[in-house]
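Descriptive structure summary
Each chain, letter by letter, is given below.
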Amino acid sequence: MSQGNQRPRTNRNRFKPVTLGEIKELASVGRPTVSNWRRRHASFPAAMGGTENKPLFDAEEVAEWLDTRPVPDAERREDGRMPTYGDRFREALRLRRLVALKHEGISAETLIRSALSLIADTAASNRRAPVAGGQLEQAVNELLDSTETPGAAADAVLGLAGRLESDLAMDATPAVVAELIGALVRRREAAGEAECARPSVINLYAGTGDLLFALDRGQLGRITAMEADRLRRELLGHRLLAHGVRGVDLYADVAALRADGLTAADVVVVDPPYAAGERETDENGPLSRAAEALGLLGPGGTAYVVVPSWTLARQRTGVRSPNVRLREHLLMENAVAGIVQLPRRIHPFRTGAELALLVLRRDAGPAERGLTRLVDGDRIALRTGLGKRWAEFVTDALSTADLSASEEVRDIPVTAASPRGEQLLDGRSLLPAHRLASPEPGLDHFGASLDARREAAAALPDLREWIGGLGIAKRESPVPHRRLDEHVRAGQLKLLPGHRIHSEDIADGGLVVIGREEMLGTLPIGRRRIAPEALAGYPQAAVTERGDVLLLTEHGVRTHVDDLGGCVLLAPVQGLRITAYAQQRATGGPAGGLWIGPHPLARLLAAPRNQQRSSGSLVRRVSVRDMDLPQLPPEEITELEAVLAEIDRHRAEVRRQLNTLDTLAERLAAGVADGALALRRRPSR
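Summary of the structure given here. (Residues numbered from 1 in each chain as written. Predicted model: local features only at pLDDT ≥ 70, side-chain atom pairs only at ≥ 80, totals over all residues. Heavy atoms only, no water.)

Observations concerning the packing of aromatic side chains
In this structure the tally under the stated criterion is four aromatic pairs. Judged by centre distance (5.8 Å) and plane angle (80 degrees), the ring pair of Phe44 and Phe57 falls under edge-to-face. Taken together, the positions of Phe44 in the loop between α2 (31-40) and β1 (49-50) and Phe57 in the loop between β2 (55-56) and α3 (59-66) put the pair 13 residues apart, joining distant regions of the chain. Phe57 matches Phe44 in its accessibility class, with the two residues each being buried. Through a chain of ring-to-ring contacts, three or more aromatic side chains come together here, namely Trp37, Phe44, Phe57, Trp65 and Tyr85. Sitting over the face of the ring of Phe213, Arg239 holds its NZ or CZ atom 4.3 Å from the ring centroid. (Phe/Tyr/Trp six-rings, centres within 6.5 Å; stacked < 30°, edge-to-face > 60°. Helix = DSSP H or I, 4+ residues; strand = E, 2+ residues; numbered from the N terminus. Buried < 20%, exposed > 50% of the residue type's maximum accessible area, 1.4 Å probe, protein only. Lys NZ or Arg CZ within 6 Å of the ring centre and 35° of its normal.)

Written out as structure tokens, the structure is:
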């Protein structure tokens, strides 16, 4: 066992013996894992009692043995030690008696409040509760004996909220978000050390103090916390006492805070609880917390506010909602310095919640005025994983002037410098996943295309002449892009929504139904259908026309051109109709005047720059309206369509050849299997 994983052997046998089932539960592993540990390792502790079918083991010996087994894929702790199964086992073992008390009729909130009160009293008086006390006192004393400090014991009790099914767990700030905000505050302190060595901090809606304890309090000045909920305010007070933290002022609301003379701070951190039912029509919606934080900033101050992503994703409609009005007010006030899209499923107890972090400023410098930095923290997490590395990358992305990683971070102007320029005040989503799209990083499109042409010519010698005649050249000037939403609003495209159809209405005859399974290729197109009389029960369902482009935008973008028409789209599949194409077919006019054709449209929509725009917590989706298209001259669109049509024709021919080979292999294998054929290869001449 490495020196870093060794633990002192103290208070031998202070825990009750454990069974194999309890080892499984306390170490958070499966029962087969424990059986394998015992069977394959002679060093596994011997049973100290029990029966052959239910042996009992010394809990401390098991913990020490588990110290030799690091948790796979875990990050190192601050002291450099790898987390082990022994850490998990001890943590759960310490709290076992407290968890058991809930089954005796004590509510989770009462249990947590009483335990924290005892721990805080112990820290304040340096005396334990009487040994002859009740079961709660004995459980708290055992916890204090097994932890290094009362503060660690208090944190362990608060960590029980999830296991005790307490609502406190729902409002806790995820550890990785707290670490990010702590890193941002430390970076701010380091950058402004000469001006303000000990900045003042206000933590609005502090809860039980997750953000407070992520800050480097020794480097801060006055610290103030506001929490409206009485229970959480009481628990935060106990936690501060347990950690020996003095000088943090607690208030019930902002009015009381202001009445005490505190009207401004250098740093404000906020992670308010958000109810699942909140919507953009609420006058006192989530973004009002951001405005509240901004109002408490002093000159040069910075606020870090966690908000639900939907507050930034809602688009402006004819009647601006309170949420959109407040969002645009913050932008026009030049208060939004940065927007960080946080990784999906980051909240352990709100798996469907998608969150973002707003970085608000009181005063913007000349170089920052009119710009907001967007950071796709979710995309960074896919590359770096969660943890300190992720927090460092996001912190650097918000503070550095180097924007070379343009697919993850970019400065976008609040108002456009030109009529067609990009701006944040265009009513669109502000989420980085929807805004940030760039060429594939580190890819030379010209060289990659030449390589692809060379490989195709080698693999398909019969087509070598045609492939060699395919001219590829570098473009000298950049191409402007327009969002699909602009094409839809201009009437060039019509968006066809998918519909929800009851499974009992889907049969074998009638109009073809195209849904997720058909787009993914798990079902052939035409297998599922709906009778016209059944379709009459869905008056909003539209039928596709020839040339409509079908899209599935979950976990990327998949497209399909409907060359026949007459299909019904099953949600989440959507469709795009080129209005000029439909008009050209109706009048029988020439196709050369189209601004784009169905096949080029389908290919361009599925390009990597649009694949990057996915967002969402449970299912990653790409917003169709936030996709974009290059603005190419008509002759280039015509040439692209001709090349794609020729490629499709050759692909169909090659696929036909492959199908004949597959059929030959299938029939030969069937004949040999039934004993009807004997194969002999003819000798080569």
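Picking up where we left off.
Some thoughts on the pattern of salt bridges
One pass over the structure, following the stated rule, counts 29 salt bridges. In this structure, Asp171 and Arg232 form a salt bridge, with 2.7 Å as the shortest nitrogen-oxygen distance. In this pair, Asp171 is assigned in the loop between α8 (150-158) and α9 (175-191) and Arg232 in helix α10 (residues 230-242), connecting sequence segments 61 residues apart. Since its relative accessible area comes to 25%, Asp171 is described here as partly exposed. Classification of Arg232 as buried rests on a relative accessible area of 15%. In this structure, Arg609 engages Asp628 in a salt bridge whose closest nitrogen and oxygen atoms are separated by 3.0 Å. (Salt bridge = Lys/Arg side-chain N within 4 Å of Asp/Glu carboxyl O.)

Regarding unusual backbone geometry
A negative phi holds for most residues other than glycine; trans holds for most peptide bonds. Residue Pro572 is bonded to the preceding Ala571 through a cis peptide linkage, with omega at 15 degrees. Phi is positive for Tyr205, which is not a glycine, with a value near 50 degrees. By the element assignment, Tyr205 lies in the loop between β3 (201-204) and β4 (223-226). Looking at Tyr205, the relative accessible area reads 17%, which means it is buried. We note that Asn334 has phi near 60 degrees; this positive angle belongs to a residue other than glycine. Secondary-structure assignment places Asn334 in the loop between α14 (322-332) and β8 (336-341).

What to know about the nonpolar core
Within the largest apolar cluster, 39 residues are counted, with the highest numbers of intra-cluster contacts made by Ile181, Tyr304, Leu342, Leu357 and Trp390. Contributing elements (two or more residues each) for this core: α9, β4, α10, β6 (265-270), β7 (297-308), β9 (355-361), α15 (377-384) and α16 (388-399). Top element by residues in this core is α9. It accounts for seven residues. Not counting residues within four places of it along the chain, the set of residues in contact with Tyr304 comprises Ile181, Leu184, Val185, Arg188, Val267, Val268, Val269, Val270, Leu357, Leu358 and Val359. Counting residues in hydrophobic clusters, the runner-up holds 38 residues, among them Val270, Ala293, Leu331 and Leu374. (Core = buried A, V, L, I, M, F, W, Y, C linked by side-chain atoms within 4.5 Å. Contact = heavy atoms within 4.5 Å.)

A look at the pairing of β6
Of all six residues that make up β6, six are buried, and the element is covered over most of its length. Where β6 meets β7, five bridges bridge the pair, whose relative direction is parallel. Counterpart to Val268 in the pairing with β7 is Ala303. (Pairing = 2+ DSSP bridges.)

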